[in-house]
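Residue-level listing of the chains:
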Amino acid sequence: MNLSDYVLKFLSKKKIKNVFLITGGAISFMVDAFTRNKNIKYTCVAHEQAAAMMADSYSRIGPNLSCTMVTSGPGATNLITGIACSWFDSIPSLHITGQVNSYEKQGAQEGKKKTRQVGFQETDIVSITKPITKFSYQLKNPNEIKYILEKACYLAQSGRPGPVVIDIPMNFQKAQIIESKLKRFIPPPINIKKNLLNKNIKKIILLLKKSTRPVILLGGGIKISKTENDLRNFLKKVDVPIVTTWSGVDIIDHNNKNYVGNVGVYGSRAANFAVQNSDILLCLGSRLDTRITGGAPSSFARNSKAIAVDIDKHELSKKRGLKLHLKLNSDLADFFKIFNRNYKKFSYKNINWLKTCVKWKKLYPIVKKEYYDQKKYVNPYVFINELSKILDEKSVVIADDGGHLTWAMQAFKIKHGQKLFSAFGNSPMGYAFPASIGASIAKSKEKVICIDGDGSIQINIQELQTAVFNKLPIKIIVMNNNGYGIIKQFQELYLNKRYEATTPSTGVVNPDFEKVSKAYGINYTLISNHKNLKKILNKPIKSNKVEFIEVLLKPDQKIIPKLQFGKPIEDLSPLLPREEFKNNMFVKTALSSKKIFEAN
Ligand SMILES: Cc1ncc(C[n+]2csc(CCOP(=O)(O)OP(=O)(O)O)c2C)c(N)n1
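The following refers to the structure shown.

**Some details on the sheet that holds strand β5 (residues 135-138)**
Thinking step 1. The six strands lie next to each other as β2-β1-β3-β4-β6-β5, forming an open sheet whose pairing is parallel. Each edge of the open sheet carries a strand with a single partner, namely β2 (41-44) and β5. Direction aside, neighbouring strands of the sheet carry axes that sit 20° apart on average.
Thinking step 2. Pairing analysis gives four bridges linking β5 to strand β6 (residues 163-169), with the strands arranged parallel. Counterpart to Tyr137 in the pairing with β6 is Ile166.
Thinking step 3. Along the sheet face, helix α7 (residues 145-157) touches β4 (93-99), β5 and β6 and points at about 160° away from the line of β6.

What follows is the structure, given as structure tokens:
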């Protein structure tokens, strides 16, 4: 059997049903193997960056691992932005890159590297991707293939998941191998420190028993560890206010009586008040990065005993001023298993504290009624609110990067079963559209909603043809504020309104999106104000075709609320009147009183 046939057989056994690829000389033998294997298909894309982003979201939707195949040199280097998305957000994905013949590569004859390049399009993709993968390896001989594929897939999916790269020289791709003689990879035994975990869970129980204002913070780790059901059992016992990070936003139905909102720099006032006034903060599967903690992590939950459960011990020992009372280095699956099994009868409830958090939620809604009165242009909070009312429980919504991501994360109200995500850690412009293609393919060509910006859509706009050719009913919503809105808001706040490189007059110019849609044969809808918004939106959303929906926003549309540099997260801008703000803060410390109660 030739090695490429073996690779495809292996992938289809792994239940990988589709590979995102662009061919090229150095991957041609591998791609040729699809002719002989009918159990696995491929999708041709227009840019390898998009292929890696498609693979990323294909894995997020699951249940199976995703795969790309690209040629050496530029094919491989183009993958990098997408691989980084998977790396930072802990998404398993397998990337197979072609490489020049083993006898042609640098060092093959000289003994060590001397030249920049020997073979045509030779690039050391292994070294380049090492810092953003769990495993990056160039095959040394064809007989390693089974061992390396098994090892790579194991590493991609175990522990804290992530992307892996296997670089395969061209001559190995056509080499003959004897399957029965190939060496296997044996995964190492998993050592769960049950006693230590149990001891720490006991400590959490004791802390909870004494607590009067506990809050649970849910991060994306819940989804990565596939513990949504365990979490639900846990929440039956621990009946406390819940906040989510952006990665964790779709873990819980937003109508859940305990749900307060998103926390952090772009969080809701209610969620931030809850966290900052808490006395116990139980963080499950969150890196607690600075988007959550604010720029001064020492001010985050500073009066609370913060507990973090994280599978990655390095995340627990980041030194940035954040004070954690208890660090549990554990897989959430083990944490919930022990908690739910050993403390079946445990229950905690505090109705008054929950009422306070719910009161904040009602008092400070993200989508304000007066936004509906806007006559010219569409208010993005109104738009997202209406969109989320229309979408059913099965919907997948993917947002890009910029103001539109923030509006989506702030205003979308999750129904149980919906998915809402972006490439949160890497946050590249250009993610949402290819990711929507990957998600639609993972869901056997189901509808996916892509929330994009007029700037971001242009970064992977070439994939419109991929969506059209594959008949994917993706709804591309471009929230057009005619510039880089989120950066403009930054320039307004911190750069004295010097709008360099963010506006049409400085060179950031949109094409005519209607003409672009027509060129690809895609239906186009324009929404320019609130009149009949729901009715106009309904039509393209309900259709089973690719649809382009352009939503016109005010060019100076703001993100509201938002944290300004140097403030603790409870003090979002626009700042509340100081008296009102003070009344919402039960907790005062030297730091907070100095920082918080300064004059407006
Ligand atoms: C690949 C890449 N380049 C640059 C950036 C920096 N950046 C973040 S958001 C943004 C502007 C996004 O504009 P648009 O998509 O129109 O969204 P808006 O903020 O206007 O809603 C830029 C330039 C980035 N995140 N990714």
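**Let's talk about the environment of Ala271**
Thinking step 1. Along the chain, the position of Ala271 falls in helix α12 (residues 269-276).
Thinking step 2. Ala271 gets classed as buried once you look at its relative accessible area, which sits at 0%.
Thinking step 3. Apart from residues no more than four positions distant in its own chain, Ala271 is found in contact with Val243, Val260, Gly261, Asn262 and Val263.

**Points about helix α19 (residues 432-442)**
Thinking step 1. Most of α19 is tucked away: 10 of the 11 residues are buried.
Thinking step 2. Among all positions in α19, only Ala432, Phe433, Pro434, Ala435, Ser436, Ile437, Gly438, Ala439, Ser440 and Ile441 are buried.
Thinking step 3. Looking one or two residues past α19, Ser444 carries a phi angle of roughly 50°, positive in sign.

**Remarks on the site of the ligand**
Thinking step 1. The full set close to the ligand counts 18 residues, and Asp401, Gly403, Gly455, Ser456 and Gly485 are the nearest of them.
Thinking step 2. Between the ligand and His404 there is a distance of 3.0 Å, counted from an oxygen atom to a side-chain nitrogen or oxygen.
Thinking step 3. In the environment of the ligand, a nitrogen atom lies 3.1 Å from a nitrogen or oxygen atom belonging to the backbone of Ser427.
Thinking step 4. Calculation on the ligand without its partners gives an accessible area of 590 Å², and the protein chains cover 77% of this total.
Thinking step 5. Secondary-structure elements contributing two or more residues to the shell around the ligand are α18 (403-411) and α21 (485-494).

**Thoughts on the nonpolar core**
Thinking step 1. Of all hydrophobic cores here, the largest spans 141 residues; its most connected members are Phe234, Leu284, Phe300, Phe335, Phe383, Leu387 and Ile476.
Thinking step 2. Broken down by element, the residue count for this core peaks at seven residues, all from helix α3 (residues 48-61).
Thinking step 3. Apart from residues no more than four positions distant in its own chain, Phe335 is found in contact with Leu197, Ile201, Ile204, Phe234, Leu284, Val309, Leu328 and Ser330.
Thinking step 4. Residues Leu11, Phe135, Leu139 and Ala152 belong to the second largest nonpolar core, which totals 36 residues.

**Overview of unusual backbone geometry**
Thinking step 1. Between Gly62 and Pro63 the backbone carries a cis peptide bond, its omega angle lying at 5°.
Thinking step 2. Relative to the helices and strands, Pro63 is located in the loop between α3 and β3 (67-70).
Thinking step 3. Residues Ile560 and Pro561 are joined by a peptide bond in cis, for which omega reads -5°.
Thinking step 4. Not every positive phi belongs to a glycine, and Asn496 is a case in point at roughly 55°.
Thinking step 5. For Asn496, the location among the structural elements is in the loop between α21 and α22 (513-520).

**Notes on a nonpolar patch on the surface**
Thinking step 1. Side chains of Phe490, Leu495 and Phe565 sit close together on the surface and give an oily, nonpolar patch of about 290 Å² of accessible area.
Thinking step 2. With respect to the helices, strands and loops of the structure, Phe490 is situated in helix α21.
Thinking step 3. A residue is classified by how much of its surface remains accessible, and Phe490, at 35% relative accessible area, is partly exposed.

**Side note on the side chain of Ser388**
Thinking step 1. In this fold, Ser388 is placed in helix α17 (residues 380-390).
Thinking step 2. For Ser388, a relative accessible area of 3% corresponds to the buried category.
Thinking step 3. Here Lys413 takes part through its backbone nitrogen, which lies 3.4 Å from a polar atom of the side chain of Ser388.
Thinking step 4. Setting aside anything within four residues of it in sequence, one finds Ser388 in contact with Ala411, Phe412, Lys413 and Lys415.

**What to know about the packing of α17 against α18**
Thinking step 1. Across the interface, α17 lies against α18 with an axial gap of 9 Å and an inter-helix angle of 55°. By the angle class used here, α17 and α18 are oblique. α17 and α18 meet at a crossing whose hand is right-handed. Counting all contacts with α17, which are made through Pro380, Tyr381, Ile384, Asn385 and Ser388, the residues of α18 involved are Trp407, Ala408, Gln410 and Ala411.
Thinking step 2. For the contact of α17 with α18, the per-class residue count stands at six nonpolar, three polar and no charged.

Cut-offs and rules
- Residues numbered from 1 in each chain as written.
- Predicted model: local features only at pLDDT ≥ 70, side-chain atom pairs only at ≥ 80, totals over all residues.
- Heavy atoms only, no water.
- Pairing = 2+ DSSP bridges.
- Helix = DSSP H or I, 4+ residues; strand = E, 2+ residues; numbered from the N terminus.
- Axes fitted to C-alpha atoms, helices over the stretch in contact; angles between N-to-C directions.
- Contact = heavy atoms within 4.5 Å.
- Buried < 20%, exposed > 50% of the residue type's maximum accessible area, 1.4 Å probe, protein only.
- Near = heavy atom within 4 Å.
- Polar contact = N/O pair within 3.5 Å; in protein donor to acceptor, adjacent residues only side chain to side chain.
- Areas by Shrake-Rupley, 256 points an atom, 1.4 Å probe, with all protein chains shown as cover.
- Core = buried A, V, L, I, M, F, W, Y, C linked by side-chain atoms within 4.5 Å.
- Patch = residues over 30% accessible without salt bridge, like charges linked within 9 Å, V, L, I, M, F, W, Y side chains within 5 Å.
- Salt bridge = Lys/Arg side-chain N within 4 Å of Asp/Glu carboxyl O.
- Parallel < 35°, antiparallel > 145°, perpendicular 65-115°, else oblique.
- Left-handed = near helix turned anticlockwise from the far one by under 90°.
- Nonpolar A, V, L, I, M, F, W, Y, C, P; charged D, E, K, R; others polar.

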